[in-house]
Amino acid sequence: MSKMNFFQKKQQNKSAAHIQGFDIELNQENTRRIDRLVDSYENSILSHLDEAYQRTTSWQDRLADRIASFGGSWRFITFFAIFLTIWILLNSLPFTRFHFDEPPFILLNLCLSFIAAFQAPVIMMSQNRQAARDKHESIIDFAINYKAEQEIDDMQSHLHRIEGELIEIKKLLLVLNNRMNEEHK
């Protein structure tokens, strides 16, 4: 284990045992439970966003997204490299009988130009939709963070009120304890 991983894990374990800003210790079972709840909440939000995205996008948009996803993958690069290799070999090796595109490969260049001409706008449309979706998700994240901040502030004010009440109770107990000590003397 490298030093970096050791310190990161040590820091993660330390932060998992304490709630930030408070000295409340949590055991591993409670931290795992909290992590599960947070993950479940995030997954439910993501599934809701995915459902909303499916409802609001047309089939053409979803098709463009699939094309862009395939066009920007290693799978596409591999298939296309194999296709180009076969094309070039079939048209340039002397023992193949049928050469439909001789070595400056004009037909291949035309096909590549058509692919680029249609693939680029499809990818751009998909990127625009993804940017809009990311913006929507960031607005939701901001709203959730804002709400959480408000709830934390509310809890802190309750804790300060409880702390004040505890101080008052301690003072009353000290006064009561002093009176009882004076009566017993």
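Residues numbered from 1 in each chain as written. Predicted model: local features only at pLDDT ≥ 70, side-chain atom pairs only at ≥ 80, totals over all residues. Heavy atoms only, no water.

Description of the overall build of the protein chain
Right, on to step 1. Along its length, the protein chain carries 5 helices and 0 strands.
Right, on to step 2. Split into buried and exposed, the 185 residues of the protein chain put 12% on the buried side.
Right, on to step 3. A fraction of 45% describes how many contacts in the protein chain between residues 6 or more apart in sequence connect residues 24 or more apart.
Right, on to step 4. Looking at the protein chain as shown, the accessible area adds up to about 15,800 Å², and 63% of this sits on carbon and sulfur atoms. (Helix = DSSP H or I, 4+ residues; strand = E, 2+ residues; numbered from the N terminus. Buried < 20%, exposed > 50% of the residue type's maximum accessible area, 1.4 Å probe, protein only. Contact = heavy atoms within 4.5 Å. Areas by Shrake-Rupley, 256 points an atom, 1.4 Å probe, with all protein chains shown as cover.)

Considerations on the packing of helix 3 (residues 59-71) against helix 5 (residues 106-184)
Right, on to step 1. Two elements in contact, helix 3 and helix 5, have axes whose closest approach is 8 Å; the angle formed by their N-to-C orientations is 110°. Classified by the interaxial angle, the pair formed by helix 3 and helix 5 is roughly perpendicular. The chirality of how helix 3 crosses helix 5 is left-handed. Between helix 3 and helix 5, the residues in contact are Asp61, Ala64, Asp65, Ile67, Ala68 and Gly71 and Gln119, Val122, Ile123, Met125, Ser126 and Arg129, respectively.
Right, on to step 2. Of the residues assigned to the contact of helix 3 with helix 5, the class counts are 6 nonpolar, 3 polar and 3 charged. (Axes fitted to C-alpha atoms, helices over the stretch in contact; angles between N-to-C directions. Parallel < 35°, antiparallel > 145°, perpendicular 65-115°, else oblique. Left-handed = near helix turned anticlockwise from the far one by under 90°. Nonpolar A, V, L, I, M, F, W, Y, C, P; charged D, E, K, R; others polar.)

Comments concerning the side chain of Gln119
Right, on to step 1. With respect to the secondary-structure elements, Gln119 resides in helix 5.
Right, on to step 2. Apart from the residues within four sequence positions on either side, Gln119 is in contact with Gly71 and Phe76.

Notes on the pattern of salt bridges
Right, on to step 1. Overall, the coordinates contain 4 salt bridges when judged by the stated rule.
Right, on to step 2. Between Arg129 and Asp61 there is a salt bridge whose closest N-O contact spans 3.3 Å. Separated by 68 residues along the polypeptide, Arg129 in helix 5 and Asp61 in helix 3 bring together distant segments of the chain.
Right, on to step 3. Among the charged side chains, a salt-bridge network with shared partners connects Asp61, Asp65 and Arg129. (Salt bridge = Lys/Arg side-chain N within 4 Å of Asp/Glu carboxyl O.)

Considerations on the packing of helix 4 (residues 74-92) against helix 5
When two helices pack together, their arrangement is given by the angle between the helix axes and by the axis-to-axis distance.
Right, on to step 1. Running from N to C, helix 4 and helix 5 cross one another at 160°; their axes reach a closest spacing of 11 Å. Considering the angle they form, helix 4 stands roughly antiparallel to helix 5. In this structure, helix 4 meets helix 5 at a crossing whose hand is right-handed. Together, Phe76, Phe80, Leu84, Trp87 and Ile88 of helix 4 and Leu107, Leu108, Cys111, Leu112, Ile115 and Gln119 of helix 5 make up the contact between the two elements.
Right, on to step 2. Its residues placed into classes, the contact of helix 4 with helix 5 shows 10 nonpolar, 1 polar and no charged.

Let's talk about the UniProt feature "transmembrane region" (unreviewed entry) in the protein chain
Right, on to step 1. Mapped onto the present numbering, the UniProt feature "transmembrane region" (unreviewed entry) falls at residues 76-93 and 105-125.
Right, on to step 2. The span residues 76-93 carries 94% helix and 0% strand; its end-to-end C-alpha distance comes to 25 Å. (UniProt positions renumbered as here; feature names shortened; annotations may be inferred.)

As for helix 2 (residues 28-56)
Right, on to step 1. Its 29 residues give helix 2 an end-to-end C-alpha distance of 42 Å, which sits within 8% of 42 Å, the value for a rise of 1.5 Å per residue.
Right, on to step 2. Taken together, the buried positions of helix 2 are occupied by Thr31, Leu49 and Tyr53. (Expected span 1.5 Å × (residues − 1).)

So, a nonpolar patch on the surface
Right, on to step 1. Together, Phe70, Phe79, Ile82, Ile86, Leu90, Phe98, Phe100, Leu107, Leu110, Phe114 and Phe118 make up a nonpolar patch on the protein surface, roughly 1,100 Å² of accessible area in all.
Right, on to step 2. Broken down by secondary-structure element, the contributors of at least two residues to the nonpolar patch are helix 4 and helix 5.
Right, on to step 3. In this structure, Leu107 sits in helix 5. (Patch = residues over 30% accessible without salt bridge, like charges linked within 9 Å, V, L, I, M, F, W, Y side chains within 5 Å.)

Some remarks on the packing of aromatic side chains
Right, on to step 1. Counted by the stated rule, this structure contains 9 aromatic pairs.
Right, on to step 2. A centroid spacing of 5.0 Å and a plane angle of 80° characterise the contact between Trp87 and Phe100, whose relative ring orientation is edge-to-face. Of this pair, Trp87 sits in helix 4 while Phe100 sits in the loop between helix 4 and helix 5, and the two are 13 residues apart along the sequence.
Right, on to step 3. Overall, the relative accessible area of 10% leaves Trp87 in the buried class.
Right, on to step 4. Given the relative accessible area of 36%, Phe100 is considered partly exposed.
Right, on to step 5. When the centroid spacing of 6.2 Å and the interplanar angle of 20° are considered together, the rings of Phe142 and Tyr146 count as stacked. One end of the pair, Phe142, and the other, Tyr146, are both in helix 5, 4 residues apart, so they sit about a helical turn from each other. (Phe/Tyr/Trp six-rings, centres within 6.5 Å; stacked < 30°, edge-to-face > 60°.)

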